[in-house]
Amino acid sequence: MVSKEQYLGYIERLVRLTHVQPFDQETYKELIVELCEAYRLSRGETVFYQTPLMEQRGIGEMFCDFDNKKSKNILLRIRIISNSKAVIIGTLYIEDEVEDHPDEEVGQLDSMLRIILGFVSRMRLLQRLEEFGFSDLDGYHNFRAFARYLDIANIENRLGANVAFHIDLHNFAMVNHEIGRENGDKVLKLYYKMIEDAIGDSGIIVRLGGDKFVGVFDRKVKRAVYEIFLGVPVAFDEAGEKKIMISAAAGVYMLPNPYMLKSYSDIMDKVMMASSTAKREAGGSIVVYDDKMKSAKEHMKKVQSDFREALANEEFAVYYQPKVNIDSKKLSGAEALCRWIKDNNVVPPMEFIPVLEMNTDICDLDFYMLDHVCEDIRRWLDEGREVVRVSVNFSRKHLVSIDFLDHIIAIIDKHQVPHEYIEVELTETTTDVLFSDLRRIVCGLQAEGVWTAVDDFGVGYSSLNLIRDIPWNVLKIDKSFVPKDIEDADSISNKMFKHVIALAHDIGLELVIEGVETVDQLEVLRRNNCEIAQGYFFDRPLPLADFEQRLAQKVYE
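Here's what I pulled together on the structure shown here. (Residues numbered from 1 in each chain as written. Predicted model: local features only at pLDDT ≥ 70, side-chain atom pairs only at ≥ 80, totals over all residues. Heavy atoms only, no water.)

## Some points on the overall build of the protein chain
Formally: Helix and strand assignments come from DSSP, with helices taken as H or I runs of at least 4 residues and strands as E runs of at least 2, each series counted from the N terminus. Only protein chains enter the accessibility calculation, which uses a 1.4 Å probe. A residue is then buried if its area is under 20% of the maximum for its type, exposed if over 50%, and partly exposed in between. Contacts are residue-level and defined by heavy atoms, with any inter-residue pair within 4.5 Å sufficient. In these tables, accessible area is a Shrake-Rupley quantity obtained with a 1.4 Å probe, and a residue counts as shielded only by the protein chains included in the view.
For the protein chain, the count of helices and strands is 18 helices and 20 strands. For the protein chain, the residues scored as buried account for 46% of the 557 residues in total. Considering only contacts in the protein chain between residues 6 or more positions apart, those separated by 24 or more positions represent 67%. Approximately 28,900 Å² of the protein chain is accessible, and the part contributed by carbon and sulfur atoms is 52%.

## Overview of the side chain of asparagine 154
Counting through the fold element by element, asparagine 154 comes out in helix H5 (residues 143-155). Leaving out residues up to four positions away in the same chain, asparagine 154 has contacts with Leu159, Tyr259, Met260 and Leu261.

## Notes on the pattern of salt bridges
We count it as follows: Just to be clear on terms, a salt bridge is a Lys or Arg side-chain nitrogen sitting within 4 Å of an Asp or Glu carboxyl oxygen.
The full count for this structure, using the stated rule, is 41 salt bridges. The residue arginine 207 makes a salt bridge to aspartate 138 at a minimum N-O spacing of 2.6 Å. Highlighted residues: arginine 207 in strand S6 (residues 204-209) and aspartate 138 in the loop between helix H4 (103-134) and H5, separated in sequence by 69 residues. By relative accessible area, arginine 207 is classed as buried at 12%. Between lysine 323 and glutamate 423 there is a salt bridge, and its shortest N-O distance comes to 3.3 Å. With lysine 323 in strand S12 (residues 316-325) and glutamate 423 in strand S16 (residues 422-427), this pair connects stretches of sequence that are 100 residues apart. Several salt bridges converge on common partners, so that one network encompasses Lys323, Glu335, Arg389, Glu423, Glu425, Lys476, Glu510 and Glu514.

## Details of helix H18 (residues 544-553)
Side chains three or four residues apart in an α-helix point the same way, a direct result of the helix having 3.6 residues per turn. Selection criterion: What the arc covers is the set of directions going from the helix axis to the C-beta atoms.
Along H18, the positions that sit buried rather than exposed are Phe547, Glu548 and Leu551. When H18 is viewed along its axis, its buried side chains cluster within an angular range of 105° and face the same direction. Across H18 from its buried face, at more than 90 degrees, point the exposed residues Gln549 and Ala552. Buried positions along H18 lie against S12, strand S13 (331-342) and helix H12 (361-382). Lysine 554 sits one or two residues past H18 and shows a positive phi near 70°.

## What about the sheet that holds strand S2 (residues 61-67)?
Put simply, the rule reads: When DSSP finds at least two bridges between two strands, those strands are taken to pair. Lines are fitted to the C-alpha atoms to define the axes, a helix being fitted only along its stretch in contact, and any angle between axes, read from their N-to-C directions, falls within 0 to 180 degrees.
With antiparallel pairing, 4 strands are arranged side by side in an open sheet as S2-S1-S4-S3. The open sheet is flanked by S2 and strand S3 (73-81), the only strands paired with a single partner. On average, each strand axis in the sheet is tilted by 15° relative to the strand beside it, whichever way the strands run. Direction of pairing for strand S1 (residues 41-49) relative to S2: antiparallel, over a ladder of 6 bridges. Bridging across to S2, glycine 44 finds its partner in phenylalanine 66. The strands touched by helix H2 (residues 25-38) within the sheet are S1 and S2, with S2 carrying the most contacts at an inclination of about 65°.

## With respect to the nonpolar core
Applied cut-off: For this analysis, a nonpolar core means a set of buried residues of the types Ala, Val, Leu, Ile, Met, Phe, Trp, Tyr and Cys, connected via side-chain atoms within 4.5 Å.
Phe316, Leu365, Ile422, Leu426, Trp472 and Leu475 are the most contacted members of the largest nonpolar core, which has 80 residues in total. Among the elements that take part in this core, H12 stands out by supplying 11 residues, more than any other. Residue contacts for tryptophan 472: discarding those within four places in its chain leaves Leu426, Leu438, Val442, Gln446, Thr452, Ala453, Val454, Leu466, Ile467 and Leu509. Core analysis: the second largest hydrophobic core is formed by 31 residues, Ile179, Val187, Ile199 and Phe213 among them.

## Observations concerning helix H17 (residues 519-527)
Every buried residue of H17 is listed here: Leu522, Val524 and Leu525. Down the axis of H17, the sector holding all buried residues measures 155°, keeping them to one side. At its buried positions, H17 is contacted by helix H16 (492-506), strand S19 (510-514) and strand S20 (532-534). One or two steps after H17, the chain reaches asparagine 529, where phi turns positive at roughly 60°.

## Re the state of the cysteines
Here is the rule: Throughout, disulfides are identified as pairs of cysteine sulfur atoms within 2.5 Å of each other.
According to the stated counting rule, one finds 0 disulfides in the structure shown. Sulfur of cysteine 36: no disulfide; nearest cysteine sulfur belongs to cysteine 64 and is 8.1 Å away. On the accessibility criterion, cysteine 36 (5% relative accessible area) is buried.

## Remarks on the sheet that holds strand S11 (residues 285-288)
In space, the 5 strands of this open sheet follow the order S6-S7-S5-S10-S11, with mixed pairing throughout. The sheet terminates laterally at S6 and S11, the two strands that pair on one side only. Each neighbouring strand pair of the sheet contributes to a mean axis angle of 20°, computed without reference to strand direction. The pairing of strand S10 (residues 248-254) with S11 spans 4 bridges and is classified as parallel. Its bridge partner being in S11, alanine 250 is matched across the sheet by isoleucine 286. Sitting on the sheet, helix H8 (residues 222-230) touches strand S5 (162-169), strand S7 (212-218), S10 and S11, and the angle it makes with S10 is about 150°.

Here it is in structure tokens:
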């Protein structure tokens, strides 16, 4: 039998171990084993349930630090409900041949088991608080976990020479669509785990939301982590046979050595800028932050802050690039292109269009352009000029707007422009959702008598579905798709170009070849029965007054 002095010693050791930080788990386990042997127990266990309902369903966590694998008869069982309504059940077992325990010993065990249950409850609830505070609902570490890691590493002066990163998975919406959201969630978790394992104890990865992650790791594991960013097959079935390739647009920042963290934004701004650049590239891509990106971000902020005032002051001008019939040399149409006239200087489109594409500012500019084109056409008609059809570009960002079609028609009708003088140019899209919206818009414009053109056909991974399932009027082919004059007639480029042209003719599409700059290019188009060319060979984009002279001239000499 355990003496009173031994019992009091056990109580003292239990209280000290369960109330002193840091918790010494090994010493605690040794004490539990010692207790069980001293009191002739065969097993001691505790079960933690978050709620009474989870207890009813048998959904809990069991902890057992002693079990001699011999038969089990219950000696003592205690059930406690905490203030947070968690249920903790402790059970002590004895062997069959062990004589009955005296009431005094059972009372001693009751006291010690209650201390243990209180400790388990407190530790488990602290763990739950940790999970709630530093993990999201799907079990990923969250940004608070990242911030805590940075704070601790900063205090310990071990951030220097590390690699911070932000990744955005490529086309993950398409992955979900292809294999289903449930499998997509599995793939996301497995890809995250691959990176986590590669990083090991040298850093951390956390989820910002969706398929976007941020983290930091030691440069020693850079190659292994980079390989995962660039693309790895991830299995989503039990047998590991069904796999899908996952890659990421990664922005990384090489932390200098030494490095002292001043703010989280110092890291986040840099990796986000680099990631944004990487996202514009196809497939897995890694972009390392440099100071030029800071200048680019400042430029971006400047453009965005100046845009509204520039729009109100009508600083954006319509330039018209002629489209010319190759055989007759007659002006057959024009494309409206935007130029920003700021302080009497022309701002190149590449300096502001990509910035406006980052949000919905581009949509407002598109409607502004259409409004001004319609205003010009209305004036030309009133002046008795012979008017040609003008195409206006619209960003893909419009496609999700339910009012897009109505807005276009309202602007055209406001100026009382016959619909056949307007052509709406839209770029191809690769996602099923946007493809459906694209078809809805094109069909709606067709019903209103507005011409439609697919822009830059041949630049991306174009699908024949694009011209099979959508009733375009015009196919605009990028110059990069046009074979060079020096190429053999049997070259792949020549054959592809020839058959695309023939296909377009067969289904009744008007063809416009963009970027025509030389006589040789023009001859290639003639040989392949292309009708209309657009490019510097005939004209650069012209300001309004110059284009009106072309309208009057009608034919190129």
